[in-house]
Amino acid sequence: AAADVPTELTDGYHLVVDALKLNDIDTIYGVVGIPITDLARLAQAQGIRYIGFRHESNAGHAAAIAGYLNKKPGVALTVSAPGFLNGLVALANATTNCFPMVQISGSSERHLVDLKQGDYEEMDQLAAAQPFVKAAYRVSRVEDIGRGIARALRTAISGRPGGVYLDIPAAVLGAIMPKAEGDRTLSRLVDPAPRQLPAPEAVDRAIELLASAERPLVVLGKGAAYAQADDKVRQFVESTGIPYVPMSMAKGLLPDDHPQSAATARSLALKKADVVMLIGARLNWLLGHGQTGWNPDAKFVQIDIDPKEMDSNQPISAPLVGDIESVLDALAERTKPGQIQAPSAWREELGARSAQNVAKMAERLAADPHPMQFMGALKAVRDVVHQHPETYIVNEGANALDIARNVIDMHVPRHRLDSGTWGVMGIGMGYAIAAAVESGAPVVAIEGDSAFGFSGIEIETICRYKLPVVTVIMNNGGVYRGDDTNPYDDEPSPTTLMSAARHDLLIESFGGKGYRATTPAEVTAALTEALALGGPALIDCVIDPSAGTESGHISHLNPKGITVGN
Ligand SMILES: Nc1ncnc2c1ncn2[C@@H]1O[C@H](COP(=O)(O)OP(=O)(O)O)[C@@H](O)[C@H]1O
Ligand SMILES: Cc1ncc(Cc2csc(CCOP(=O)(O)OP(=O)(O)O)c2C)c(N)n1
Ligand SMILES: [Mg+2]
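Residues numbered from 1 in each chain as written. Chains lettered and ligands numbered in written order. Predicted model: local features only at pLDDT ≥ 70, side-chain atom pairs only at ≥ 80, totals over all residues. Heavy atoms only, no water.

1. Section: the site of ligand 2
For the record, the criterion: It suffices for a single heavy atom of a residue to lie within 4 Å of a molecule or strand for the residue to be listed as near it. Any pair of N or O atoms that falls within 3.5 Å is considered a polar contact. Within protein, one atom must be able to donate a hydrogen and the other to accept it, and sequence-neighbouring residues count only if both atoms are side-chain atoms. Surface accessibility in these figures is a Shrake-Rupley result with a 1.4 Å probe; residues are shielded only by whichever protein chains are displayed. The secondary structure listing takes helices from DSSP runs of H or I that are at least 4 residues long and strands from runs of E that are at least 2 residues long, numbered from the N terminus.
Asn-399, Gly-423, Asp-449, Ser-450 and Ala-451 are the nearest of the 16 residues found near ligand 2. Residue Asn-476 places a side-chain N or O atom 3.1 Å away from an oxygen atom belonging to ligand 2. At 3.0 Å, a backbone N or O of Gly-478 approaches an oxygen atom of ligand 2. When the free accessible area of ligand 2 is taken as 590 Å², the share hidden by the protein chains comes to 76%. Where the shell around ligand 2 is concerned, the elements lending two or more residues are α17 (399–407) and α19 (449–455). Here the element with the most residues in the shell around ligand 2 is α19; it accounts for four residues.

2. Some points on the site of ligand 1
What counts, and what does not: Polar here means any residue other than Ala, Val, Leu, Ile, Met, Phe, Trp, Tyr, Cys and Pro, which are nonpolar, and Asp, Glu, Lys and Arg, which are charged; Gly is therefore polar.
Lining the immediate surroundings of ligand 1 are 19 residues, of which Arg-160, Lys-222, Arg-282, Asp-304 and Ile-324 lie closest. Note that an oxygen atom of ligand 1 is positioned 3.4 Å from one of the backbone N or O atoms of Gly-280. Here ligand 1 has 590 Å² of accessible area as a free molecule, and 97% of this is covered by the chains. Sort the elements by how many residues they give to the shell around ligand 1 and helix α11 (residues 222–226) lands first, with three residues. Residue composition of the shell around ligand 1, by class: eight nonpolar, six polar and five charged.

3. Here's the deal with unusual backbone geometry
Of the consecutive residues Ile-34 and Pro-35, the connecting peptide bond is found in the cis state with omega at 0°. Tracing the backbone shows Pro-35 in the loop between β2 (27–30) and α2 (37–45). A cis amide bond, omega -5°, links His-370 with the succeeding residue Pro-371. Counting through the fold element by element, Pro-371 comes out in the loop between α15 (344–366) and α16 (374–385).

4. Considerations on the packing of helix α12 (residues 230–240) against helix α14 (residues 324–334)
Worth spelling out the cut-off: Only C-alpha atoms enter the line fits that serve as axes; for helices the fit covers just the stretch in contact. Angles between N-to-C directions range over 0 to 180 degrees. Angles below 35 degrees are treated as roughly parallel, those above 145 as roughly antiparallel, those between 65 and 115 as roughly perpendicular, and all remaining angles as oblique. Helix crossings are classified by the rotation of the near helix relative to the far one: an anticlockwise turn of less than a right angle makes the crossing left-handed, while a clockwise turn makes it right-handed. Residues are treated as being in contact if the distance between any of their heavy atoms lies within 4.5 Å.
Axis separation between α12 and α14 bottoms out at 10 Å; the angle between their running directions is 40°. One way to sum up the angle between α12 and α14 is to call them oblique. When the axes of α12 and α14 are compared, the crossing they make is left-handed. Contacts between α12 and α14 pair Lys-232, Val-233 and Phe-236 from the former with Glu-325, Leu-328, Asp-329 and Leu-331 from the latter.

Structure below.
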C-alpha cells in the first residue's frame, strides 16, 4: 500500500560517499571509468575533492603519501581489472612503507566472475590483491558498504599503517535501498588509531641499557616522522645528548644542521655505536640488516608499533612495543634526571668526523665544471630551496636520488618524500601532486630523467589543477648515466635515454612554464623564477651524460655473474 512505500531512497554510490565523508575523508585520487565514474562525480558534488589522474599508479602513490602526511588514510579510486592492477604497485608500496591508504576498486559481476563466464574486465580482484596488502575486503551487499568503508579505514590506520584493498562490485554500487535504513548502516570510527602504550618493565629495561652506553646512537626512521610527535622526539634527543642519524624521510625531524646530527659521520657512528636505539626505523637493507658496517657487539633498543618487527634482523635487547609518542612519554616519565647522558668524548669524536666530511663535501659543491654535474645543479637547487623552508622535496632516481639526499638538507619534518623502503621509481608526480593538494605549499620534485618517465604524463594533471609543483629533471640522458654504448648495432644501449630530450617543451604543451638549464647559475635563475610564479613549472637540467654510477650508491646489489657489457 502507498503508506509503506519509503519516501526517500539511497544507493551504493551515495552510501560510499556518505561513509567516507562521515569519516573525514575529504580527497579522492583516481582514474574514472566503468563502474565508478558516477562515484567520482557524486563525491565531487558532495564536497569531496576528486583529483583525476592519467594512470592509476600515480593516483595510488598520491593517496599513499597523503596518508603519510595526514595520519589519515589516503583514498585511491580505480575501475575494475586493469585499473585495479595498475593501482596495486602503489598499494603494495604503501604497505611496504607503512603508509595508510585504501584503494577502492569497482569490480565485475560476481556470478559471471566466479563462473569465469567472461564479463567485461573480469577478474577476482580480492584474491589478486591479498598477497600485496595489509588487508583486503569485499562488500557484497549494499547494506554492508558502511561497515566495509569503516573496516577498511580502521585497518589502514591502526597499528602499523598500510595499504588496504576494498572491492565493491558494480551491482552493489547500483543497488537501491530506503535511505533511512541506509543511514543506519553508516558509522563514524571511534579512536581509529588507538595509542599503544609500552609495558613499564620494557621502559625500565631500555633506560638501563641506554644509561650504560659508552657510545649511544639514535636512528630516526620515517615512522618517527609519521608519528607527528616532533617535540617529544626532539626533547628525547636533546635531553640525553645522544647523537642521531636520520633515515631519508626522517630528515628534517630535527634540522639537518643540528649539532647532534651524525648524518655526515654515519659510517663511523654505525661502526662504533655500542647501544643503538631505533625509533620507527627497520633494520632492513637500508641499514645493512644491522650487519654490514655495524659494530658487531652493538646492542639494540627498538621502538616500534609492530611487535613482529623485533628480532627481524638482529636480536633486540630492549624491545619497546608501542606507538612512538606513548613510548617517548613513558621514557620521559620513568627516566631520572641525568640518568641517560651521551659521553661527551663520543659526541666530540663524531663531531670531528662530521666537520671533516662537511669540508670535503663543500669542496665538491664549490666546483663548477662544464658540462654541468649533479653536484652543481643540486647545490643550486639547495641554495634556492633554503630560502623557501615550507617547500616539499620529492626525490627519485638513482644518482639523482642518492646525491640529492646528501646535498639537500631538510629543516622541517615530513618534507622529504622519496623512493623509500622499496626504492620504487614512479612515485614522483603522484607524491608531488598529493603534497601540493594536501598542504597548498610549493613542491620541488627532483627527478632522474628515467624516474621522471614513469609518471611524467601527470605533468598534465599538475597543469590542469594549476598546482605549485616545480619538476627539476637531472637529465643525464640515461638510466644511471647517458654514455653507455651498444657496440652491436645502431640501436641505443639498454640504459640510454635522450639527453637532447626537451622535457621543458613537454610542460609548455600543457600550458606550464618550461626552462632548460645548462649551468648551475641557470638552475638558480629558473628555480627562483618558478617558485616566485607559484605555478606548474619544469626545469630540464642538462647534466653531463658521463656523470653518475650504475645504480647510484647501491651498485653492489647488482648480481655479479659473467658480465656481458660493463
Ligand atoms: N606511530 C608509530 N609508532 C611506532 N612505530 C611506528 C609508527 N608508525 C610507523 N611505525 C613503524 O616505523 C617503522 C618504519 O620503518 P621504515 O619504513 O624502515 O623507516 P626508515 O626506512 O625511515 O628506516 C615500521 O616498522 C613501522 O611499524
Ligand atoms: C618501478 C621500477 N622500475 C625500475 C627500477 C630500477 C631503477 C632504479 S633507479 C632507476 C632510474 C635511474 O635513472 P634516473 O635517470 O632516474 O637516475 P640517474 O641515476 O640520475 O640517471 C631505475 C629504472 C625501479 N627501482 N623501480
Ligand atoms: Mg638519468
